[in-house]
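Structural overview for review
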Amino acid sequence: MTLHNTGPFRVGFLLIDGFALLSYSSAAEPMRAANHLAGKRLYDVRHIPVAGGRSVSSSGAVIEGTATLDGDRDFDLVLVVAGGDPARFDDGRVFQWLRMLARRGVQIGGVSGGPVILARAGVLAGRRMTVHWEHVQTLAEITPSLLVERSLYVIDRDRMTCAGGTAALDMMHAVITRHHGAAFARRVSDWFMHTDVRPSGGPQRAGLVERYGVSDPAVIQAIEMMENHVADPLSLDQLAHLCGLGARQLNRLFSEKLGASTMAFYRGLRLEKARNLLEQSVMSVTEIALATGFASSAHFSTAFKSRFRHAPSKIR
């Protein structure tokens with residue numbers, strides 16, 4: 001069993017002329033390798049030019065279009081890849097198309113300058129996100145209320161943002177892990193000699209080892225998946241399956257290494273993220289509850305008070 005087993009996962013790349021070829025390749029190539037290693041088409045990748053029949057990168061490389069804004073709309077994920085000065089991009093037709101995808105529940109992502117395009121389209125409200133450091137200040141000027149994190153990538157429910165460059169390799173490792181398990185995702189990363197996969201929130205895996213004082217590969221893998229699924233928590237069975245373990249075995253490892261059950265640790269991680277959002281954002285308590293995977297503000301407030309001995313409103 002995988003978390004995506006109903007046919008090829010349909011991915012559209014909306015390439016804004018002047019996009020960085022490395023950022024695009026780091027996101028697209030892992031899916032090509034996954035198809036090759038699996039011996040079947042796990043990912044159906046299509047390329048969508050903004051206009052005409054092709055897109056041109058900043059280095060002059062040409063990517064021929066295989067889909068159009070007016071045609072194919074049957075995607076599971078659309079990734080916008082942009083470079084240069086994405087704040088100058090102003091195409092109402094593209095913005096409207098992205099909003100349409102959002103209304104239909106399609107997962108939408110941005111790579112490098114792509115998150116700036118998503119912000120201008122208005123589809124990142126209430127979502128944690130990241131962007132290439134070059135565009136942080138511009139993004140703050142466009143939409144000051146956005147929850148910009150200085151991370152390699154952020155996956156928040158139906159939105160996925162990435163700083164670009166080789167960070168897209170790390171993001172796609174997380175995506176493939178979610179779909180096909182950690183062992184297969186490792187094979188894909190090894191194909192590119194990408195042996196030091198970095199978690200979303202830091203520059204390298206060692207950060208998790210130092211933060212939690214544990215080096216067990218399965219526990220580290222589970223924590224990475226938890227950090228990638230704060231707003232849409234995975235179940236114990238899902239976490240264990242993706243780590244290639246049984247649920248009881250994973251629970252035993254967490255109890256031995258961290259002194260808490262898997263799901264108790266997971267809830268604590270989500271509540272820590274919620275406390276950070278309370279201190280650093282202008283989101284309402286209800287919005288923060290949803291952004292950290294709680295079904296209601298009442299449920300969130302009860303869990304928060306139990307852990308921190310204060311109501312969320314007191315922290316703010």
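Structure: above.
Residues numbered from 1 in each chain as written. Predicted model: local features only at pLDDT ≥ 70, side-chain atom pairs only at ≥ 80, totals over all residues. Heavy atoms only, no water.

Our focus in this paragraph is the side chain of H135. Considering the arrangement of structural elements, one finds H135 in the loop between β7 (128–129) and α4 (136–142). Sequence-distant contacts of H135, defined by excluding residues within four places in its chain, comprise G84, P86, S112, G113 and V116. (Helix = DSSP H or I, 4+ residues; strand = E, 2+ residues; numbered from the N terminus. Contact = heavy atoms within 4.5 Å.)

With that settled, consider the nonpolar core. Formed by 34 residues in total, the largest nonpolar core has its most connected members in F13, Y24, Y43, L79 and M171. For this core, the elements supplying multiple residues, two or more each, are β1 (9–15), α1 (21–38), β5 (77–82), β9 (153–156), β10 (159–162), α5 (167–180) and α6 (182–191). Non-local contacts of Y24, meaning those with residues more than four positions away in its chain, are made with F13, L15, F19, H47, I63 and V81. Among the nonpolar cores identified, the runner-up in size contains 31 residues, and V78, A82, I108 and V131 belong to it. (Core = buried A, V, L, I, M, F, W, Y, C linked by side-chain atoms within 4.5 Å. Buried < 20%, exposed > 50% of the residue type's maximum accessible area, 1.4 Å probe, protein only.)

Let's shift gears to empty space enclosed by the protein. Rolled over the atoms, a probe sized like a water molecule indicates the empty space that remains. Applying the stated criterion across every chain, the model contains two cavities of 30 Å³ or more. Around the largest cavity, the lining residues are Y153, D170, H173, A174, T177, V197, R198, Q221, E224, M225 and N228. Broken down by secondary-structure element, the contributors of at least two residues to the lining of the largest cavity are α5 and α8 (217–228). By volume, the second largest cavity amounts to about 40 Å³. Elements supplying a minimum of two residues to the lining of the second largest cavity: α5 and α6. At four residues, α5 tops the list of elements feeding residues into the lining of the second largest cavity. The class makeup of the residues in the lining of the second largest cavity is six nonpolar, three polar and no charged. (1 Å grid on protein atoms, 1.4 Å probe; cavity = no way out; pocket = protein on both sides within 12 Å on 5 of 7 lines; lining within 4 Å. Points joined across faces, edges and corners; volume = space filled by probe spheres on them. Nonpolar A, V, L, I, M, F, W, Y, C, P; charged D, E, K, R; others polar.)

One non-glycine residue with positive phi stands out, namely R157, at about 55 degrees. Assignment of secondary structure puts R157 in the loop between β9 and β10. For R157, a relative accessible area of 22% puts it in the partly exposed group. The residue R309 is not glycine, and still its phi comes out positive at about 65 degrees.

Okay, the pairing of β10 next. Burial along β10 is two-sided: R159 and T161 facing one way and M160 and C162 facing the other are all buried. Pairing geometry for strand β6 (residues 107–112) and β10, over four bridges, is parallel. Residue pairing for β10: V111 is matched across the bridge by C162. (Pairing = 2+ DSSP bridges.)

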